[in-house]
Amino acid sequence: MFTKELTIKNEVGLHARPATYFIQKANEFKSGIWVEKEERRVNAKSLLGVLSLGIMQGTTITLIADGSDEQAAVESLSTLVENNFGE
């Protein structure tokens, strides 16, 4: 299992278009990947799950991956978040 904490910096948070980019990236990996906010954990490959967390600018989330490519998955998603989802 590989985890990393991140703070969302883009203005709109993890909604609509940024969430779609995030899920598309998560689906490139075989590992199970989750996003955790406070006490809630959802599947990072589920648009509805990710949107249900209501992640706004300044929110700290934890990425969790478990599987054969877990480290690559977390690092790739971290890069996407740190680059403000390409916006």
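1. A look at the sheet that holds strand β3 (residues 40-43)
Read from one edge to the other, the open sheet built from 4 strands follows the order β1-β4-β2-β3, with strand pairing classed as antiparallel. Taken across any chain shown, the strands that pair with only one partner, and hence form the sheet edges, are β1 (2-7) and β3. Each strand axis lies, on average, 25° off the axis of its neighbour in the sheet, ignoring direction. Here strand β2 (residues 32-37) pairs with strand β4 (residues 60-66) via 5 bridges, running antiparallel. Of the residues in β4, the one forming a bridge with E36 is T62.

2. Describing the nonpolar core
Counting residues in each nonpolar core, the largest one holds 24 residues, and the members touching the most others are L14, F22, I33, V35, I55, I61 and L63. Listed by contribution, the elements that provide at least two residues to this core are α1 (16-26), β2, β4 and α3 (70-82). Looking at this core element by element, the count peaks at 5 residues for α3.

3. Looking at α3
Working note: α-helix, 3.6 residues per turn, so residues spaced by three or four point in the same direction. Taking 1.5 Å per residue, 13 residues should reach 18 Å; α3 reaches 18 Å between its end C-alpha atoms and fits that length. All buried positions along α3 are accounted for by E70, A73, V74, L77, S78, L80 and V81. For α3, the angular spread of the buried residues around the axis is 160°, confining them to a single face. Contacts made by the buried residues of α3 are with β1, α1, β2 and β4.

Here is what the cut-offs are and how they apply
- Along each chain, residues carry numbers from 1 onward, in the same order as the chain's sequence is written.
- Where local features are concerned, this predicted model is filtered to residues with pLDDT of at least 70; where side-chain atom pairs are given and counted, the filter is 80 or more; whole-chain, interface and lining totals use all residues.
- Think of the side-chain values as coming from all heavy atoms in the structure, minus any hydrogens and water.
- When DSSP finds at least two bridges between two strands, those strands are taken to pair.
- Every helix listed is a DSSP run of H or I at least four residues long, and every strand listed is a run of E at least two residues long, numbered separately from the N terminus.
- Whenever a helix is involved, its axis is fitted only over the stretch in contact; in every case the axis is a line through C-alpha atoms, and angles between N-to-C directions fall within 0 to 180 degrees.
- Remark: nonpolar core denotes a set of buried residues (Ala, Val, Leu, Ile, Met, Phe, Trp, Tyr, Cys) joined through side-chain atoms within 4.5 Å.
- Each residue's exposure class comes from its accessible area (1.4 Å probe, protein chains only) as a fraction of the maximum for that residue type: buried when under 20%, exposed when over 50%, partly exposed otherwise.
- A helix's residues, less one, multiplied by 1.5 Å, set its expected span.
- The arc in question is the one traced by the directions running from the helix axis out to the C-beta atoms.
- We call two residues in contact when some of their heavy atoms are within 4.5 Å.

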